Amino acid sequence: MSIGVMIVVNLFLAWFLTSFSIGRMMVEAAAAGFNSLVDVAYEGVAFAFPSQINTDSKDWFFSVLMPVLMIVPLFDILTYIGILPFIIKWIGWAISKITGQPKFESFFAIEMMFLGNTEALAVSTLQLKQMNKERNLTLAMMSMSCVTASIVGAYTQMMPPSYILTAIPINVLNALIVTALMNPVDVPAEEDTIATIGANPETLDANGKKEPFFSFLGNSIIGAGKLILIIVANVIAFVALAKLIDNVLGVVHPWLSLEHILGIIMYPFAWLLGLPFDDAFKMAQYMGMKLVTNEFVVMQDVTKTIGTSAFTEHFRAVLTTFVMSFANFSTVGMIIGCFKGIVDDEKNDYISKNVLYLLVSGILVSLLSAAMVGLFSW
């Protein structure tokens, strides 16, 4: 019953945000807000690198990633002063009431939407230790289907902002739907509690007390810098590895490439999204590229053409929605590593043995979200 309710609610949400003028206005206002943050961040970037910002052809590193140095600390400040925890708590409570899902799973879905997967897991340490291994697996699966709000500004510089911001709430409910289908867990009323809202470990000092604001802000800025380096390192490494694989495959046959192979595998799913043959194969290649590398690689590949006539509106909506998650092979390793540092060996081993569940759940959420948004975007 609750799964049916979630599907209906999510279809209505997709319809409302894509087909109603007030829904589109809300999405466009949110997109304008993120773009304004990026514009403000450019002031700082321009001070340090004026030759890169005051030009019509900005490098991806400076135009997309450098603004993260301002946006991540902003979200951390909202967490430090308690605004984000308040929002997360009550939206999670509302989702639990509407959908009938367990309280903490609903709360965690919203937490991921704002904080990202590993950060949400970190602030939920006490809850993870108290829950059984089956519910831990549910949270690990859900962790494949989010993005971090603090880097949405980077995404909106590369792909249609309206579809990016539509995909985020759609993913939240679809993560609950897919995990409820793949890993159904009965949660008795006495266990359906939230052990703690949890203080973000980044806001605490070594003694567990709230860190002084400017010390916290300095650590947040350093953390943002590390995040940028991690993204750059992943993009460089995965693009280079993909090229190496293509070169090896090309020795066997000139047609063979990673994109072509993954395109064949993902083609049936792309076709089911309502795309004609040629577009479906192109979409399937992007889907495969995203799963093997990450969303930034696909975004960088299409950013200059996605707003042109080379992409139909339906293709644009489906592709943008599909890539808006952390569902890829590298995320699996990050999640398992995060659980290893939090829960006992029995729970961690259980998650590791079901690693395929993590990847499949992430793919299914991406496909389901793309289908729902694409249904109302032609």
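Just above, that's the structure.
Keep in mind that this is a model prediction, so the values were computed, not measured. (Residues numbered from 1 in each chain as written. Predicted model: local features only at pLDDT ≥ 70, side-chain atom pairs only at ≥ 80, totals over all residues. Heavy atoms only, no water.)

Scanning the protein chain from N- to C-terminus turns up 20 helices and zero strands. Computed over C-alpha atoms, the radius of gyration of the protein chain comes to 20 Å, within 12% of the 21 Å expected from 2.2 N^0.38 for 378 residues, which places it in the range of a compact globule. Viewed in the frame of its principal axes, the protein chain has a C-alpha envelope of about 60 × 50 × 50 Å. Counting all 378 residues of the protein chain, 50% fall into the buried class. Residue pairs at least 24 apart in sequence account for 76% of intrachain contacts in the protein chain once pairs closer than 6 positions are excluded. Total accessible area on the protein chain is roughly 17100 Å²; 67% of this is exposed by carbon and sulfur atoms. (Helix = DSSP H or I, 4+ residues; strand = E, 2+ residues; numbered from the N terminus. Rg over C-alpha atoms; globule rule 2.2 N^0.38 Å. Buried < 20%, exposed > 50% of the residue type's maximum accessible area, 1.4 Å probe, protein only. Contact = heavy atoms within 4.5 Å. Areas by Shrake-Rupley, 256 points an atom, 1.4 Å probe, with all protein chains shown as cover.)

Think of an α-helix as turning once every 3.6 residues; residues three or four places apart then point the same way. For helix H5 (residues 68–80), spanning 13 residues, the distance from its first C-alpha to its last is 18 Å, which sits close to the expected 18 Å at 1.5 Å a residue. Of all the residues in H5, the buried ones are Val68, Ile71, Val72, Pro73, Phe75, Asp76, Thr79 and Tyr80. One or two residues past the end of H5 sits Gly82, with phi positive at roughly 95 degrees. (Expected span 1.5 Å × (residues − 1).)

This paragraph deals with the packing of aromatic side chains. Following the criterion strictly, the structure yields 12 aromatic pairs and no others. Relative to Phe107, the ring of Phe104 has its centre 5.6 Å away and its plane inclined at 45 degrees; by these criteria the two rings are tilted. Within this pair, Phe104 and its partner Phe107 are both found in helix H7 (residues 103–115), separated by three residues, close to a single helical turn. Each member of the pair, Phe104 as well as Phe107, is classed as buried. Feature note: the residues Phe12, Trp15, Phe16 and Phe20 constitute an aromatic cluster, connected by ring pairs. Geometry around Phe315 places Lys282 over its ring, the cationic atom sitting 5.9 Å from the centre. The ring of Phe322 carries the charged tip of Lys290 above its face, separated from the ring centre by 6.0 Å. (Phe/Tyr/Trp six-rings, centres within 6.5 Å; stacked < 30°, edge-to-face > 60°. Lys NZ or Arg CZ within 6 Å of the ring centre and 35° of its normal.)

Attention shifts here to the nonpolar core. By size, the foremost hydrophobic cluster in this structure holds 95 residues, and its most contacted members are Tyr155, Met159, Met283, Leu319, Phe339 and Leu358. When near neighbours in sequence (up to four residues on either side) are disregarded, Met159 contacts Ile164, Met299, Val302, Ile306, Leu319, Thr320 and Val323. Formed by six residues, the second largest nonpolar core is a distinct cluster that contains Ala14, Ile170, Met372 and Val373. (Core = buried A, V, L, I, M, F, W, Y, C linked by side-chain atoms within 4.5 Å.)

Opposite charge on two side chains permits them to pair, given that their charged atoms come into close proximity. The final tally for this structure, using the stated rule, is three salt bridges. For the salt bridge of Arg135 with Glu105, the shortest nitrogen-to-oxygen distance reads 2.8 Å. One end of the pair, Arg135, is in helix H10 (residues 133–142); the other, Glu105, is in helix H7, with 30 residues separating them in the sequence. Glu105 matches Arg135 in its accessibility class, with the two residues each being buried. In this structure, Arg316 and Glu313 form a salt bridge, with 2.6 Å as the shortest nitrogen-oxygen distance. Taken together, the residues span about one helical turn, with Arg316 and Glu313 both in helix H17 (residues 313–323) at a distance of three residues. (Salt bridge = Lys/Arg side-chain N within 4 Å of Asp/Glu carboxyl O.)

Together, Ile81, Ile83, Phe86, Ile87, Trp90, Ile91 and Trp93 make up an exposed nonpolar region whose accessible area comes to about 670 Å². Since its relative accessible area comes to 40%, Trp90 is described here as partly exposed. (Patch = residues over 30% accessible without salt bridge, like charges linked within 9 Å, V, L, I, M, F, W, Y side chains within 5 Å.)

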